[in-house]
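# Inside the fold
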Amino acid sequence: MVSDCHTAPERMVFVPVIYLDITIRMNFFAIILVSLFSVVANAGPAPNQAASRTWITNVTIISPENLDHVGKGSVLIDNGRIVSVERKKEAKKPVGATVVSGNGQFLIPGLIDSHVHLAAVPGMTSDQSQGKPEMVKEYFKQLPRSYLYFGYTTLVDLAVVHREVLENFRQAPLHPDLYDCGASLVFANGYPMSFLPRPTRFIPFPNFIYDPKQAASIPQEYRPEDHTPAADVARVKSSGGVCVKTYFERGFADDKNLPVMGTDVLAEIRKASTEDGLVLMIHANAFEAQTFAVDGNADVIAHGMWHWGDLDRSPELPSEIKELLDRIVEKKIGYQPTIQVLYGELAYFEPEYLKINAIAKITPEELLEWFNSPEGNWFKKELNEDNLSDATFLEMYERGPLRRVRQVVAYLASKDTNFVFGSDTPSSPTYGNLPGLNGYLEMQQLRKAGMSLAQIFRAATINNAREFKMDSQLGSIEPGKIANLVMPKKSPLERVDAYDSITTVWVHGKAASRRSLAVNSNE
Ligand SMILES: [Zn+2]
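My aim in this report is to walk through the structure given alongside it, one point at a time. Here the structure is a predicted model, which is why all the values come from computation and not from measurement. (Residues numbered from 1 in each chain as written. Predicted model: local features only at pLDDT ≥ 70, side-chain atom pairs only at ≥ 80, totals over all residues. Heavy atoms only, no water.)

## Thoughts on the packing of aromatic side chains
- Within this structure, the stated rule accounts for 19 aromatic pairs.
- When the centroid spacing of 5.9 Å and the interplanar angle of 10 degrees are considered together, the rings of Tyr-152 and Phe-421 count as stacked. Taken together, the residues span a long stretch of sequence, with Tyr-152 in strand β7 (residues 152-157) and Phe-421 in the loop between α15 (390-413) and α16 (437-448) at a distance of 269 residues. Like Tyr-152, the residue Phe-421 is buried in the burial classification.
- Taken together, a centroid distance of 5.7 Å and an interplanar angle of 70 degrees make the contact between Tyr-191 and Tyr-247 edge-to-face. Within this pair, whereas Tyr-191 is found in the loop between β8 (177-180) and α7 (229-238), its partner Tyr-247 is found in strand β9 (residues 243-247), the two being separated by 56 residues in sequence. Here Tyr-191 and Tyr-247 have matching classes, each one buried.
- Over the ring of Trp-308 we find Arg-403, and its NZ or CZ is 5.6 Å from the ring centre. (Phe/Tyr/Trp six-rings, centres within 6.5 Å; stacked < 30°, edge-to-face > 60°. Helix = DSSP H or I, 4+ residues; strand = E, 2+ residues; numbered from the N terminus. Buried < 20%, exposed > 50% of the residue type's maximum accessible area, 1.4 Å probe, protein only. Lys NZ or Arg CZ within 6 Å of the ring centre and 35° of its normal.)

This is the structure we're talking about:
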C-alpha cells in the first residue's frame, strides 16, 4: 500500500468506514436475514416484553445526576419503567414484587453507544460472508446479546445500508433499544461512495448530495431536486431517523482528493436538521475536518482527531488545535474519540487480541475459528502491504495517530467537554471491533487517554441521552424512566474494568443474567 512507513498510518487509518460500505452488497443480507427472521419470530414472547414488578434492593445506586451521593438503596420496576428509587438502607418490600438482592453490587443506568454499524460483519468482506451463510446467521443471532453482555441497552446506527438488519435486530427476543440516522448524506462521488465502482456507487446511497459541478459524473436518472440537503434530511426524518450523518473526508492513498462539501451545503444540512429536530453528526477525524464541523455547528463530531495535517509532526498539541478544541467545549459539541478505530486495525498485530476471554463469550465458535485461520487474517495483509514487522507496525501507530488522538482527548478531558460515548463498531472489516466488547475496549482507551471514570460514565449514560433528546426516558436511574439497568460487581467510578463485571442486565424491566447472554448459553 505504501513505501514510506512514516506516512503509512496517515493513510491506513482512513480505512475505517470505507470497507464497511464496500463489503456490503445489496441483496446479500436480505437472503440470510429472511431465514434468521423465521427463527426469531417463533421464539416466544414479544421482544423486550416487560417482566412483572421487580424490586432491586440493598444495592449501591450510581446515577449520573447523583454522583456526589452514591449510596445503598432500592429501585422498583413496574411495567418496564422505574417507578421508585429509595436511597436508604432499610426499605419495605413492595407488594407483589420479585426481590433481587444487589448486595455487594452496583446499579447503573443501561449504557448507550451512539456509534454502531449493525449490518457489517466484523472481519469479513462481502465475498467471504456470502460464502459462509451459516456463520453469518449465527453472528446476527448473537449480535443483540453481545451488546447486552457488555451492558449496552441503547444503540444508534449511524448509516443504515440494510434496513432488514435493523428490523430483525428489533425482533430478537431481547435486544438493546435501537435508533438510527437513516441512510447517510454522502457528497456526490465523495467518501465513502468513492470506494465503489463508478457505475453503481450511487445505488447504496439514496441520500447522496447532488453537486451541480459534477453533473457529468452523476448518472442521469438522479434528479438534482431529489438530492438537495433538504430532500435528503426529509427522507431521513420520514424513515424514522433521529439523527443525520454526513462526512468531511478528503481521502487518502490513491484517492487523496475526493470531492467534499462546502460550507454552504453544510449550512443547508444544519438548517434542515434543526427544523426536523434531528441530531447532526459528522465524520471528521482531521484538524481541517473538525474545524469545518465546528464552523458549521455540527452537534456531534463522530471521531477523535488523529490527523493534524501539516502539524502531524508537532510533538505537543499545537495552539491552533487547542483553540479549536476550546470552541468544541464552548459550543458543547458532542465528541466521540473512537480510539478503537485505530486499535481495530492494530488487533491483527497484537498476538494476544483473539485470546481475550470475552471474545469466546460473544463470538460464535465457528466464526472465531475462522478469525484464527489464515483466511480470516486477510485484512492484516491489506493493512500491511509493506510487510513491516508487527512491532514496527504497532510503533508506527503509537507515535503517529494514537499519540495525537490521546493528546487531543487529554486536553478535552481537562475541560468540561460534552463527551458522548460511541464505539464505531465495526469501523472497518476488522475482527478487532467486536460488538459489545469493542465498547468496553473503547472505555479502557478513553481512560488511558486521560478521561476520568466519571467522564466515561456520563458519556455513556446521561450525555448520550441528552444529546439524542432521550433524557426524559434514558440515561439515569430516576422514576418514570425506562427500566434499562445494569448491575456490575465493581464500581465504574472506581475502576474501568467494572464494565466487565456485570452480572445482570435489565431491558425495559426484563432481566437477563450475563451468563445467559453468552454464545451457546442454554439459559
Ligand atoms: Zn462509523
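Further notes follow.
## Re unusual backbone geometry
- Residue Pro-192 is reached from Tyr-191 by a cis peptide bond, and omega for that bond is -5 degrees.
- Within the element layout of this structure, Pro-192 appears in the loop between β8 and α7.
- With an omega dihedral of -20 degrees, the bond running from Thr-425 to Pro-426 counts as a cis peptide bond.
- With respect to the helices and strands, the residue Pro-426 is situated in the loop between α15 and α16.
- Residues other than glycine seldom take positive phi values, yet Asn-189 does so here, at roughly 65 degrees.
- Locating Asn-189 in the fold gives a position in the loop between β8 and α7.
- On the basis of relative accessibility, which here comes to 4%, the residue Asn-189 falls in the buried class.

## A word on the sheet that holds strand β12 (residues 334-335)
- Within the open sheet, the four strands sit side by side as β9-β10-β11-β12. Their pairing is parallel. Lying at the two open borders of the sheet, with one neighbouring strand each, are β9 and β12.
- Pairing analysis gives two bridges linking strand β11 (residues 300-301) to β12, with the strands arranged parallel. The partner of Val-300 across the bridge, within β12, is Gly-334. (Pairing = 2+ DSSP bridges.)

## Points about the packing of α7 against helix α8 (residues 263-275)
- It is the contact of α7 with α8, at a shortest axis distance of 9 Å, that shows an interaxial angle of 35 degrees. Once α7 is placed against α8, the crossing between them reads as right-handed. When α7 is examined against α8, the residues Pro-229, Ala-230 and Val-233 are found in contact with a partner set consisting of Val-265, Glu-268, Ile-269, Ala-272 and Ser-273.
- Residue classes in the contact of α7 with α8 are distributed as six nonpolar, one polar and one charged. (Axes fitted to C-alpha atoms, helices over the stretch in contact; angles between N-to-C directions. Left-handed = near helix turned anticlockwise from the far one by under 90°. Contact = heavy atoms within 4.5 Å. Nonpolar A, V, L, I, M, F, W, Y, C, P; charged D, E, K, R; others polar.)

## Re helix α9 (residues 287-295)
- Those residues of α9 not exposed but buried are Phe-287, Ala-289, Gln-290, Phe-292, Ala-293 and Val-294.
- Where α9 is buried, its residues meet α8, β10 (279-283), β11, α10 (319-330) and β12.

## What to know about the coordination of the zinc ion
- The zinc ion binds to the protein through His-115 (NE2), His-117 (NE2) and Asp-424 (OD), with metal-donor distances spanning 2.0 to 2.4 Å.
- On the primary sequence, the residues serving as donors to the zinc ion are separated as H-x1-H-x306-D. One end of the pair, His-117, is in the loop between β6 (111-116) and α4 (126-130); the other, Asp-424, is in the loop between α15 and α16, and 307 residues separate them in sequence.
- Residue classification places His-117 among the buried positions, given a relative accessible area of 3%. (Donors = N, O, S within 2.8 Å, 3.2 Å for Na, K, Ca; no water.)

## What to know about the sheet that holds β7
- The three strands are arranged β6-β7-β8 in an open sheet whose pairing can be described as parallel. Here the strands that pair on one side only, and so sit at the sheet edges, are β6 and β8. If you compare each strand with its neighbour and ignore which way they point, the axes differ by 20 degrees on average.
- When β7 meets β8, the two strands line up parallel, connected through four bridges. Looking across to β8, one finds that Asp-157 is bridged to Asp-180.
- Against the sheet, helix α5 (residues 133-149) engages β6 and β7, with an angle of about 120 degrees to β7.
- Most of the contacts of helix α6 (residues 163-171) go to β8, to which it runs at about 160 degrees, and overall it touches β7 and β8.

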